[in-house]
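Chain residues, written in single-letter form:
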Amino acid sequence: MTANVQHNFAAQDQERSYFDGGLFQYIGWSILGGLVTVCTLGICYPWAITMILGWKTRHTVINGRRLQFTVSAVGLFGNWIKWWFFCLITLGIYSFWLFIAMEKWKTKHTSFAN
C-alpha cells in the first residue's frame, strides 16, 4: 500500500505546474530591459523583449517539465522591422494584428527544456 501511495505522489509531482521566478528578479530584468531600450533609442527593444521572455520561460514549469525560449534578439529584430513596416504602410491598421503576430512568434520559439 505504501508503494502505491508513493507512486501517486510521484505522479502528482510530475504533473505539477508552477512559476518559480521572483519579484526582485522580474524588476531587475525589467529595469535592465528598459535601460537598454532607452539608451539605444529603441533599437535594442527586441533584445529587451527576448531577455525578459527568456527569463519568464526559464522559470515556468508545465506538468513537471521546464520551458525554454529558443531564439535570439536577432531572430526577433527581422520580424520587428517587418511588422513596423506593415504598420507604417497600412497607416497603423496592421497594429491590430501585431499582438497576435507576437504571440505566435513567442509560442513558436517556446519548447520544453527536458
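Description of the structure in this document. Note that the structure is a prediction, hence the values are computed from the model and not measured.

**Brief notes about the sheet that holds strand β3 (residues 65-69)**
Phase 1: Spatial ordering of the open sheet is given by β1-β2-β3-β4, a layout of 4 strands whose pairing is antiparallel. Two strands close off the open sheet at either side, each with one partner strand: β1 (18-19) and β4 (110-112).
Phase 2: Alignment of β1 against strand β2 (residues 60-62), held across 2 bridges, turns out to be antiparallel. Its bridge partner being in β2, Phe19 is matched across the sheet by Thr60.
Phase 3: Across the sheet, helix α3 (residues 45-58) touches β1, β2, β3 and β4, and the angle it forms with β3 is around 170°.

**With respect to the pattern of salt bridges**
Phase 1: Inspection of the entire model under this criterion finds 2 salt bridges.
Phase 2: A salt bridge links Asp20 to Arg66; its shortest N-O distance comes to 3.0 Å. On the criterion of sequence distance, the pair formed by Asp20 in the loop between β1 and α2 (23-39) and Arg66 in strand β3 is long-range, its members being 46 residues apart.
Phase 3: By relative accessible area, which is 28% here, Arg66 ends up partly exposed.
Phase 4: The salt bridge partner of Lys106 is Glu103, with a shortest N-O separation of 2.7 Å.

**A word on the layout of surface pockets**
Phase 1: Each pocket or cavity is described by its volume, and for the largest pocket that value is around 200 Å³.
Phase 2: For the largest pocket, the lining is made up of 14 residues, of which Tyr45, Ile49, Leu53, Trp80 and Met102 are closest to its centre.
Phase 3: Within the residue set of the lining of the largest pocket, elements represented by two or more residues are α2, α3, α4 (73-89) and α5 (95-108).
Phase 4: When grouped by side-chain class, the residues that make up the lining of the largest pocket number 9 nonpolar, 4 polar and 1 charged.

Parameters and conventions
The numbers attached to residues start from 1 for each chain and follow its sequence in the written order. A pLDDT threshold of at least 70 governs which residues receive local features in this predicted model, and a stricter bar of 80 or more applies before side-chain atom pairs are shown or counted, although totals over entire chains, interfaces and linings include all residues. The side-chain values count all of the structure's non-hydrogen atoms but skip hydrogen atoms and water molecules. Pairing between strands requires that DSSP locate at least two bridges from one strand to the other. Helix numbering and strand numbering both begin at the N terminus, where a helix is a DSSP run of H or I of at least 4 residues and a strand a DSSP run of E of at least 2. Throughout, a residue-residue contact means that at least one pair of heavy atoms, one from each residue, lies within 4.5 Å. Between N-to-C directions, angles cover 0 to 180 degrees, with each direction set by a line fitted to C-alpha atoms, over the stretch in contact for helices. A side-chain nitrogen of Lys or Arg and a carboxyl oxygen of Asp or Glu constitute a salt bridge if their distance falls within 4 Å. Burial classification: accessible surface area is computed with a 1.4 Å probe over protein chains only, and a residue below 20% of its type maximum counts as buried, one above 50% as exposed, and the rest as partly exposed. Put plainly, a pocket is an open set of points on a 1 Å grid over the protein atoms alone with protein on both sides within 12 Å along at least five of seven lines, a cavity is a set where a 1.4 Å probe fits but cannot get out, and a lining residue has an atom within 4 Å of a point. Grid points are joined across faces, edges and corners, and a volume is the space filled by probe spheres set on the points. Classes in brief: Ala, Val, Leu, Ile, Met, Phe, Trp, Tyr, Cys and Pro nonpolar; Asp, Glu, Lys and Arg charged; the others, Gly included, polar.

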